[in-house]
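# Coordinates in review
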Amino acid sequence: MPEAQSPTRKRIVDAATRLFYAEGIGRVSVDAVAEEAGLTKRTLYYHFKSKDDLIAAYLDGRDQPNLKRMAGWFEAEQGGVDSKVEAIFANLARATRHPKWKGCGFLRTAAELASMPGHPAVKVGARHKSNFETWLAAELSGHHIEGPQALAREIVLLMDGCFSIMLIHRNPDYVEAAGRAAATLVRARMSGSQA
């Protein structure tokens, strides 16, 4: 079995990431990924047993960078925890204005695989969403927020809701509105010393 971080494997995942995010997983063939990576299909299949494994690797490669980006936005905000949560949404709204933004790769992939709930990529997407929720709950708990796990879940619902509506309306105002709603939820749960 090839080493997980080999340069060739990384090259394949990078090519798949560009194509899958831009066009969707169903519209991109293994041949197209191999061509984008400048490799043969045989080489691609040496590193990945199937297209399904490649799709899972594409999402797995987005997991930590996306979580770090959101954590960075949270930490960079100088205000209270409500402002820190809202800053995540404000930065997402800014990102959605970029012409190459195509939505949340995890949700788009899950939508394409809706009839295959056991697909490896759906499992990677579920893990990513759980990781974000767990991280956010820990941050909220550290700021003495009441019911941090429940609140983190409510914020994830707002986030994924705005990601979904953005695929239809392409209007960042929805992301900003979700951010204001999230901040309001946080303020409602602040313990007396922070309110």
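Here the structure is shown first, and the text comes after it.
Residues numbered from 1 in each chain as written. Predicted model: local features only at pLDDT ≥ 70, side-chain atom pairs only at ≥ 80, totals over all residues. Heavy atoms only, no water.

Now for the packing of helix H4 (residues 51–76) against helix H7 (residues 120–142). Following both chains from N to C, one finds H4 and H7 inclined at 15°, their axes separated by 8 Å at the closest point. In terms of orientation, H4 lies roughly parallel with respect to H7. Note that H4 runs across H7; the crossing there is right-handed. (Axes fitted to C-alpha atoms, helices over the stretch in contact; angles between N-to-C directions. Helix = DSSP H or I, 4+ residues; strand = E, 2+ residues; numbered from the N terminus. Parallel < 35°, antiparallel > 145°, perpendicular 65-115°, else oblique. Left-handed = near helix turned anticlockwise from the far one by under 90°.)

We now examine the pattern of salt bridges. Tallying each qualifying case throughout the model produces nine salt bridges. Put simply, Glu-36 and Arg-18 hold a salt bridge, and the shortest N to O gap is 2.9 Å. Here Glu-36 is found in helix H2 (residues 30–37), whereas its partner Arg-18 is found in helix H1 (residues 7–23), with 18 residues between them in sequence. What makes Arg-18 partly exposed here is its relative accessible area of 44%. Across the pair Asp-31 and Lys-41 runs a salt bridge whose closest N-O atoms are separated by 3.3 Å. In this pair, Asp-31 is assigned in helix H2 and Lys-41 in helix H3 (residues 41–47), connecting sequence segments 10 residues apart. On the basis of relative accessible area, Asp-31 is assigned to the partly exposed category, the value being 43%. (Salt bridge = Lys/Arg side-chain N within 4 Å of Asp/Glu carboxyl O. Buried < 20%, exposed > 50% of the residue type's maximum accessible area, 1.4 Å probe, protein only.)

With that settled, the discussion passes to helix H9 (residues 173–189). Its 17 residues give H9 an end-to-end C-alpha distance of 25 Å, which sits within 8% of 24 Å, the value for a rise of 1.5 Å per residue. Where H9 is buried, its residues contact helix H5 (81–96), H7 and helix H8 (148–169). (Expected span 1.5 Å × (residues − 1). Contact = heavy atoms within 4.5 Å.)

Before going further, it helps to spend a moment on the packing of aromatic side chains. In the structure shown here, the tally under the stated rule is three aromatic pairs. Each ring, one from Phe-20 and one from Tyr-58, has its centre 5.4 Å from the other, and the planes form 70°; the classification is edge-to-face. One end of the pair, Phe-20, is in helix H1; the other, Tyr-58, is in helix H4, and 38 residues separate them in sequence. Neither Phe-20 nor Tyr-58 differs from the other in exposure class; each is buried. (Phe/Tyr/Trp six-rings, centres within 6.5 Å; stacked < 30°, edge-to-face > 60°.)

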